[in-house]
Amino acid sequence: MSQEELKKTENTETKVTYQDIKNDANKDFDVLSDLTSGNNYEKSNDRYKDNFSTAVTFLVCGIAGLVVVILNDTGILNFFSLKNASGILMSCVLGGMFIGFIVVGILSFKASRKDKKDAEIEKDNTIKVMEWLKDNAPAQLIEESYAGDGLSEEMKYFERSDFLKKSIKNEFPDFSDDYIQDVTDQYIDELFNKPSID
């Protein structure tokens, strides 16, 4: 093998190796990004829906199960016998379990009512913040808030997000950081990630 052929082989191997490392690094970054990014804020409307569906499920199962146990105890249905200790124990355990289901359902209904009120307040606050952002933080101002035309889209997102979070926190200091992050993400999405119409 000549010196020239050897250099070509080494350069090819180096490029492949470099490309492999670059691909692996990009994959690692994507995985890390998926694990660390995102918002931990749970909207009140989502909590309301979760609690409401939990309440309905537990109440329906609890009431239906309790009816079956009572019908079995009165002899109308015959799923298990009450003539021995295991039948009585089974009846007591099932009755207690279904009463527990009913209690969980009632508590979930109470929580869902509170979450429904919170959802209305949150919706009003979000509308107020979004209107304030539209008036006070147009795209041009956000883009002027950081330096670097050569920034990647990910870095631009972080710069935009930091600027908006600080602005919102100054104007609305009582809002939680998670809520502010959620509103910031909505606004960035609305402003910079609109699908283009061809």
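Keep in mind the model is a prediction, meaning the values are calculated, not measured.

Here the focus is the overall build of the chain. When you go through the chain residue by residue, the secondary structure sums to six helices and zero strands. Beginning at the N terminus, the succession of helices and strands in the chain can be written as α-α-α-α-α-α. Per-residue burial over the chain gives 23% buried out of 198 residues. A total of about 14,200 Å² of accessible surface is found on the chain, and carbon and sulfur atoms cover 58% of it.

Under the defined criterion, the tally for this structure stands at eight salt bridges. A salt bridge links D162 to K165, with the nearest nitrogen and oxygen atoms 4.0 Å apart. Placement of the pair is D162 and K165 together in helix α5 (residues 153–171), with a separation of three residues, close to one helical turn.

As a further point, take the nonpolar core. V129, L133, L164, I168 and V183 are the most contacted members of the largest nonpolar core, which has 15 residues in total. For this core, the secondary-structure elements that each account for two or more residues are α3 (85–136), α5 and α6 (177–192). Sorting elements by how many residues they give to this core places α6 first, with five residues.

Let us now look at the confidence of the model for the chain. Per-chain confidence: the chain averages 82 in pLDDT, with 77% of residues scoring 70 or above. Here helix α1 (residues 3–36) stands out as the least confident element of the chain, with mean pLDDT 51; helix α2 (residues 44–74) is the most confident, with 94. Between residues 12–16, whose pLDDT stays under 50, and residues either more than four places distant or in other chains, the model counts zero contacts. Ignoring residues within four places in sequence, the model shows residues 30–36, a span with pLDDT below 50, making zero contacts including any to other chains.

Turning our eyes to something else, we now look at α2. Here α2 is 31 residues long and its end C-alpha atoms lie 44 Å apart, about the 45 Å a rise of 1.5 Å per residue gives. Among all positions of α2, only S44, Y48, A55, L59, G62, G65, V69 and N72 are buried. Looking at the packing, one finds that the buried side of α2 touches α3. One or two positions beyond α2, positive phi appears at G75, with a value near 95°.

Our focus in this paragraph is the packing of aromatic side chains. Applying the stated criterion across every chain, the model contains eight aromatic pairs. Ring plane angle 85° and centroid distance 5.8 Å describe the contact between F98 and F101, whose orientation is recorded as edge-to-face. With F98 and F101 both in helix α3 and three residues apart, the pair spans about one turn of that helix. Take F98: its relative accessible area is 14%, and that puts it in the buried class. Relative accessible area serves as the criterion here: at 24%, F101 is assigned to the partly exposed category. Aromatic pair Y157 and F158: ring centres 5.4 Å apart, planes at 65°, arrangement edge-to-face.

Rules used in this analysis
- Here the residue index of a chain counts from 1 through its sequence in written order.
- Totals for whole chains, interfaces and linings use every residue, but because this is a predicted model, local features are given only for residues with pLDDT of at least 70 and side-chain atom pairs only at 80 or more, for both listing and counting.
- Remark: hydrogens and water are excluded; side-chain values derive from all non-hydrogen atoms of the structure.
- Going along the chain from the N terminus, every DSSP run of H or I of four or more residues is numbered as a helix, and every run of E of two or more is numbered as a strand.
- Under the scheme applied here, a residue whose accessible area is under 20% of the maximum for its type counts as buried, over 50% as exposed, and between as partly exposed, the area being computed with a 1.4 Å probe on protein chains only.
- Reported accessibility uses the Shrake-Rupley method at a 1.4 Å probe radius. Residues are deemed covered only where the shown protein chains occlude them.
- Any Lys or Arg side-chain nitrogen found within 4 Å of a carboxyl oxygen on Asp or Glu counts as a salt bridge.
- The nonpolar core is taken to be a set of buried Ala, Val, Leu, Ile, Met, Phe, Trp, Tyr and Cys residues, with the residues joined through side-chain atoms within 4.5 Å.
- pLDDT measures the predictor's confidence residue by residue and takes values from 0 up to 100.
- Contact definition: two residues touch when any of their heavy atoms are within 4.5 Å.
- In a helix, the anticipated span is given by 1.5 Å times the number of residues less one.
- To pair, rings of Phe, Tyr and Trp, with the six-membered ring standing in for Trp, must have centres within 6.5 Å; the planes then decide the type, stacked if under 30 degrees apart, edge-to-face if over 60, and tilted in the middle.

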